[in-house]
Protein chains: 2
Amino acid sequence: MPEPKQTKASPIMADTDIAIVRIAPETSFKNKAYEALKEAILKMDIYATPEPVMLDERALSERLGVSRTPIREAIAMLEQDGFVKTVPRRGIVVVRRTKAEIVDMIRAWAALESMAARLITTTARKKDISALRDFFKDFSDDRLPQDHVEEYSKANIAFHQALISLSESPVLVDLTNDLLLHVRGYRQLTIGRKDRTATSLPEHLGIIEALEARDTELAEKRARDHTLGLAAYVEAHGQELFT
Amino acid sequence: MPEPKQTKASPIMADTDIAIVRIAPETSFKNKAYEALKEAILKMDIYATPEPVMLDERALSERLGVSRTPIREAIAMLEQDGFVKTVPRRGIVVVRRTKAEIVDMIRAWAALESMAARLITTTARKKDISALRDFFKDFSDDRLPQDHVEEYSKANIAFHQALISLSESPVLVDLTNDLLLHVRGYRQLTIGRKDRTATSLPEHLGIIEALEARDTELAEKRARDHTLGLAAYVEAHGQELFT
DNA sequence: TCGTGGCATTTGGTATGCCAAAAACGTAAT
DNA sequence: ATTACGTTTTTGGCATACCAAATGCCACGA
């Protein structure tokens, strides 16, 4: 009889299916190149120089020690992500976002995060919600966020990502992570700006309180308004950030 | 003789810069393959058969008349989109979404669309908003949507896409289009189900009215609740849709 | 001096060939 | 007949070679 081919284990070791589920996935050169290039792109300050940043396939393949083929596949993937754009017979250019695009992304982020907040009020556990406060435990009246902007900025990002994760919605998590990668292109310059930092912490605490109170509408509104506030800030003050 | 192909204009016609802006972009085989495969994947009914749908690089390259290289690059792009997943030395499998994933996507869609509605109340022109009614002009009490499900389903999709477009937010437009492509995997089975169709039209009209009234909060709420309603419906009745 | 034509170079696009892993197949031994 | 084992085939990954378009350099000539 046609028994399903799935693990035709011999009778003796039928019950010894130890945790040997998958041996080394051994990521391909394509994926390695993708990760390497993605990190490199995110690390470089694209908005520092006026002239566009270009990539060279052959130079990359030589530097990474692989042929052009996996490099090109990685480039194709990065292009899908919107990080680069290849112009036929001209070169591969690292995409620079305009202020309008960044603002637009932040608005989308606000939409997704407010939905996450909504979901959290109905599903997350109380202790997990309260744990969100830990991200800011190093800040207080004696140690103001605006005096440690860089550190607060990291805590800020971590908080938002943890918040979204609480929604237990893979789609929301993935989409916001993608957006954050683009927005973080000029991390020091936006998220952690001193004048916004002052109002940021209280707003975060307000969100947490609404979540704990299971107030769906309020949590959604506070999450949305908080991030829309960032969008408005960038729109108003971000002019100098784009040379 | 090799005449310069790029019309190096002589001084006489220096100011006669006619509309010769760009010659044929001539999309590459890579992009052609990407489009072709994407359409093919969306067209096939992935959820019809129990066994996973596989793709074969060599077969595809032969059928499309190109080598494997552009095919592989197209596959890499599709994998970034989440349409396929290549398993090393096993094959390329068309991804099948679970009910939970679809519901999750619809929720994200609801989030983005409600943000679009919010933006529309502050920026869109009245006449553009009112024009949204045209999508449903073929339906009335004499010609109920639930009696023309297929046709209404198309109008439904078109309405939602037009709605998002009114936000003039490229990010929202792109993200929702991507989500819709995945959700539409079983178009007839979800969006246009008869029992939901009856309540769909009034809700749409309600959204349009809120937009026209520039009632930001109400428009946002109606847009969100409408699409969340679909999510809830799929979650409740979608069991049979996944074999 | 200036510009014009062409040749060399650069760069992305594509085709092809080979490799190793794994599945598929077939054969022989029990 | 079933199992075990070895061979063949399949399949994705990667390297390499070639092409054609676009660019830039440079010599030649008005």
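Quick note: structure is the one above.
Everything quoted here is computed from the prediction, not taken from an experiment. (Residues numbered from 1 in each chain as written. Chains lettered and ligands numbered in written order. Predicted model: local features only at pLDDT ≥ 70, side-chain atom pairs only at ≥ 80, totals over all residues. Heavy atoms only, no water.)

**Remarks on the protein's contact with DNA strand C**
And then number 1: Contacts to DNA strand C come from 20 residues, most closely from Arg58 and Arg72 of chain A together with Phe29, Ser67 and Arg90 of chain B.
And then number 2: Sugar and phosphate atoms constitute 61% of the interface atoms of DNA strand C, taking the interface as everything within 4 Å of the protein.
And then number 3: Leu55 of chain A places a main-chain nitrogen or oxygen 3.4 Å from a phosphate oxygen of DNA strand C.
And then number 4: Where the surface near DNA strand C is concerned, the elements lending two or more residues are α2 (57-64), α3 (68-81) and β3 (91-94) of chain A together with α1 (29-43) and α3 (68-81) of chain B.
And then number 5: Considering each element in turn, the surface near DNA strand C owes the most residues, three residues, to α3 of chain B.
And then number 6: Here the surface near DNA strand C is composed, by residue class, of five nonpolar, five polar and ten charged. (Near = heavy atom within 4 Å. Polar contact = N/O pair within 3.5 Å; in protein donor to acceptor, adjacent residues only side chain to side chain. Helix = DSSP H or I, 4+ residues; strand = E, 2+ residues; numbered from the N terminus. Nonpolar A, V, L, I, M, F, W, Y, C, P; charged D, E, K, R; others polar.)

**Observations concerning the protein's contact with DNA strand D**
And then number 1: For DNA strand D, the set of nearby residues contains 20 residues, the closest of which are Phe29, Ser67 and Arg90 of chain A together with Arg58 and Arg72 of chain B.
And then number 2: For DNA strand D, the backbone makes up 63% of the atoms found within 4 Å of the protein, where backbone means sugar plus phosphate.
And then number 3: Within the contact set of DNA strand D, a phosphate oxygen lies 2.6 Å away from a backbone nitrogen or oxygen of Ser67 of chain A.
And then number 4: Those elements that place two or more of their residues in the surface near DNA strand D are α1 (29-43) and α3 of chain A together with α2 (57-64), α3 and β3 (91-94) of chain B.
And then number 5: At three residues, α3 of chain A tops the list of elements feeding residues into the surface near DNA strand D.
And then number 6: Class assignment for the residues of the surface near DNA strand D results in five nonpolar, five polar and ten charged.

**With respect to the sheet that holds strand β1 (residues 54-55) of chain A**
Two strands in a sheet stick together by hydrogen bonds in their backbones, pointing the same way (parallel) or opposite ways (antiparallel).
Residues and elements named next belong to chain A.
And then number 1: What the three strands build is an open sheet, ordered β1-β3-β2; its pairing is antiparallel. Strands at the two margins of the open sheet, each flanked by one partner only, are β1 and β2 (84-87).
And then number 2: In this sheet, β3 lies alongside β2 in antiparallel orientation, the contact comprising four bridges. Bridge pairing in β3 places Val84 opposite Val94.
And then number 3: On top of the sheet, α3 reaches β1, β2 and β3; it is set at about 120° to β2, its chief contact. (Pairing = 2+ DSSP bridges. Contact = heavy atoms within 4.5 Å. Axes fitted to C-alpha atoms, helices over the stretch in contact; angles between N-to-C directions.)

**Focus on the relation of the copies chain A and chain B**
And then number 1: Once turned by 180° and shifted 0.0 Å along the axis, chain A lies on chain B with an RMSD of 0.1 Å. Interpreted geometrically, this transformation is the action of a two-fold axis.
And then number 2: By residue overlap, the copies meet face to face through one surface: 100% of the interface positions of chain A are interface positions in chain B. (Least-squares fit on C-alpha atoms with pLDDT ≥ 70 in both.)

**A few points about the pattern of salt bridges**
And then number 1: In the structure shown here, the tally under the stated rule is 28 salt bridges over all chains.
And then number 2: Glu217 of chain B is the salt-bridge partner of Arg118 of chain B, the closest N and O atoms lying 3.0 Å from each other. With a gap of 99 residues between them, Arg118 of chain B in helix α4 (residues 99-123) and Glu217 of chain B in helix α9 (residues 216-237) connect regions that are remote in the sequence.
And then number 3: By relative accessible area, Glu217 of chain B is classed as partly exposed at 42%.
And then number 4: Three or more residues are tied together by salt bridges with common partners; here these are Arg118, Glu217 and Glu220 of chain A together with Lys221, Arg224 and Asp225 of chain B. (Salt bridge = Lys/Arg side-chain N within 4 Å of Asp/Glu carboxyl O. Buried < 20%, exposed > 50% of the residue type's maximum accessible area, 1.4 Å probe, protein only.)

**Focus on the interface of chain A and chain B**
And then number 1: Between chain A and chain B, the residue contacts involve 30 residues of the former and 30 residues of the latter.
And then number 2: Carbon and sulfur atoms make up 58% of the surface buried where chain A meets chain B, a total of about 2500 Å² over both sides.
And then number 3: Remark: the boundary between chain A and chain B carries six salt bridges.
And then number 4: Residue Glu73 of chain B pairs with Arg72 of chain A through a salt bridge whose shortest N-O separation is 2.9 Å.
And then number 5: At the junction of chain A and chain B, the tally comes to twelve residue pairs in polar contact (both at pLDDT 80 or more).
And then number 6: Counting residues per element, the ones that place at least two in the side of chain A that touches chain B are α1, α3, α4 (99-123), α7 (170-183) and α9 (216-237) of chain A.
And then number 7: Here the side of chain A that touches chain B takes eleven residues from α4 of chain A, the largest share from any one element.
And then number 8: Of the residues that constitute the side of chain A that touches chain B, the class distribution is 16 nonpolar, two polar and twelve charged. (Buried area = accessible area lost by both parts, 1.4 Å probe.)

**Examining unusual backbone geometry**
Residues and elements named next belong to chain A.
And then number 1: Even without being glycine, Glu168 reaches a positive phi, approximately 55°.
And then number 2: Mapped onto the elements of the fold, Glu168 is located in the loop between α6 (149-166) and α7.
And then number 3: Overall, Glu168 belongs to the exposed group, its relative accessible area being 63%.

**Points about the packing of α4 of chain B against helix α7 (residues 170-183) of chain B**
All names here are of chain B.
And then number 1: It is the contact of α4 with α7, at a shortest axis distance of 10 Å, that shows an interaxial angle of 150°. By the criterion of interaxial angle, the relationship of α4 to α7 is roughly antiparallel. The two elements α4 and α7 cross, and the hand of that crossing is left-handed. Contacts between α4 and α7 involve Ile102, Met105, Ile106, Ala108, Trp109, Leu112, Met115, Ala116 and Leu119 from the first element and Leu172, Leu175, Thr176, Leu179, Leu180, His182 and Val183 from the second. (Parallel < 35°, antiparallel > 145°, perpendicular 65-115°, else oblique. Left-handed = near helix turned anticlockwise from the far one by under 90°.)

**Remarks on the side chain of Ser169 of chain B**
And then number 1: If you trace the backbone, Ser169 of chain B turns up in the loop between α6 (149-166) and α7.
And then number 2: Contact partners of Ser169 of chain B, with chain neighbours within four places excluded, come to Asp104 of chain A together with Leu119 of chain B.

**Some details on the packing of α6 of chain B against α7 of chain B**
Residues and elements named next belong to chain B.
And then number 1: The contact between α6 and α7 brings their axes to 9 Å, and the two run at 160°. Overall, the two elements α6 and α7 adopt an arrangement that is roughly antiparallel. Pair α6 / α7 crosses with right-handed handedness. Between α6, through Ile157, Gln161, Ile164 and Ser165, and α7, the contact on the second element is made entirely by Leu172, Val173, Thr176, Asn177 and Leu180.
And then number 2: Within the contact of α6 with α7, the residues separate by chemical class into five nonpolar, four polar and no charged.

**Side note on the packing of aromatic side chains**
All names here are of chain A.
And then number 1: Under the criterion given, the structure shown has six aromatic pairs over all chains.
And then number 2: Here Phe139 and Tyr152 contribute two aromatic rings whose centre-to-centre distance is 5.3 Å and whose plane-to-plane angle is 85°, an arrangement assigned as edge-to-face. With Phe139 in the loop between α5 (126-130) and α6 and Tyr152 in helix α6, the pair connects residues that are 13 residues apart, well separated along the chain. Both residues of the pair, Phe139 and Tyr152, belong to the buried class.
And then number 3: Cluster of aromatic residues (ring-pair linked, three or more members): Phe136, Phe139, Tyr152 and Phe159. (Phe/Tyr/Trp six-rings, centres within 6.5 Å; stacked < 30°, edge-to-face > 60°.)

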